[in-house]
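The lines below spell out each chain.
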Amino acid sequence: MATDPGTPVSPATDPAGAASLNLVIAIHQLRRGLRAVLPPGQFNPTQVLILTQLAGSDPMRVGELAQRVHVSQPTATTVVNGLAAAGLVSRIKDTEDGRAIKVSLTELGMQNLHEVGRQEAAYLRTLIDALPADERATILAAIPIMMRLADASRSAEYNQLSGIAARADIWGRSTKTGS
């Protein structure tokens, strides 16, 4: 059911929309709480996103990292420079293009990322443990569903980014050839 963007979502007019909005709000509030768990100055959200992207993939160029974490390339470069200075990522030559550099996660970077995960998981466990037993069971039962939603989101995001990159490449070539 489509609604006017200016119309508030109401459970009476759009129950699924209202539930989705409430879930979005809850996710944002949980993310804020998870970020607050980390000691000040340890990591910012962009650093965590970049480390996470590198942990789950082969080495990649900074431009690809920027696309995947939705930041500008200069921002990604600045973040990668800071992570490299801390020994959390390393730069390696691109085997396909010797002029290009790729970024990979170091062992220290993986250790730090795992520590961030442990800190955030401990915080979340404290919240879950405070729930009544039936609500705890519901949350735990929903985890596989949330993981599938996250996978679907990443897949859709990757497909969207691939389409954007392909269009940019086509536009870039047409600009270069003057057509």
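Check the entry above for the structure.
*Asks:* Give a detailed account of the side chain of Asp 94, specifying residues and quantitative values.
*Replies:* Considering the arrangement of structural elements, one finds Asp 94 in the loop between strand E1 (89-93) and strand E2 (101-105). Polar side-chain contacts of Asp 94 include one of 2.9 Å to the side chain of Arg 61. When near neighbours in sequence (up to four residues on either side) are disregarded, Asp 94 contacts Arg 61, Ala 100, Ile 101 and Lys 102.

*Asks:* Provide a residue-level description of the packing of helix H2 (residues 45-55) against helix H5 (residues 107-129), including the pertinent values.
*Replies:* Contact pair H2 / H5: the axes reach a minimum separation of 10 Å and the direction vectors enclose 115 degrees. Note that H2 runs across H5; the crossing there is left-handed. Contacts from Val 48, Leu 51, Thr 52 and Ala 55 of H2 reach H5 at Met 110, Leu 113 and Val 116. Among the residues forming the contact of H2 with H5, the class breakdown is six nonpolar, one polar and no charged.

*Asks:* Describe in detail unusual backbone geometry, supporting the description with residues and values.
*Replies:* Here the phi dihedral of His 70 falls at roughly 60 degrees; this positive angle occurs in a residue that is not glycine. Relative to the assigned elements, His 70 resides in the loop between helix H3 (62-69) and helix H4 (73-85).

Rules behind the numbers
- Residues numbered from 1 in each chain as written.
- Predicted model: local features only at pLDDT ≥ 70, side-chain atom pairs only at ≥ 80, totals over all residues.
- Heavy atoms only, no water.
- Helix = DSSP H or I, 4+ residues; strand = E, 2+ residues; numbered from the N terminus.
- Polar contact = N/O pair within 3.5 Å; in protein donor to acceptor, adjacent residues only side chain to side chain.
- Contact = heavy atoms within 4.5 Å.
- Axes fitted to C-alpha atoms, helices over the stretch in contact; angles between N-to-C directions.
- Left-handed = near helix turned anticlockwise from the far one by under 90°.
- Nonpolar A, V, L, I, M, F, W, Y, C, P; charged D, E, K, R; others polar.

Take it as geometry only, folks, not as evidence of what the structure does.
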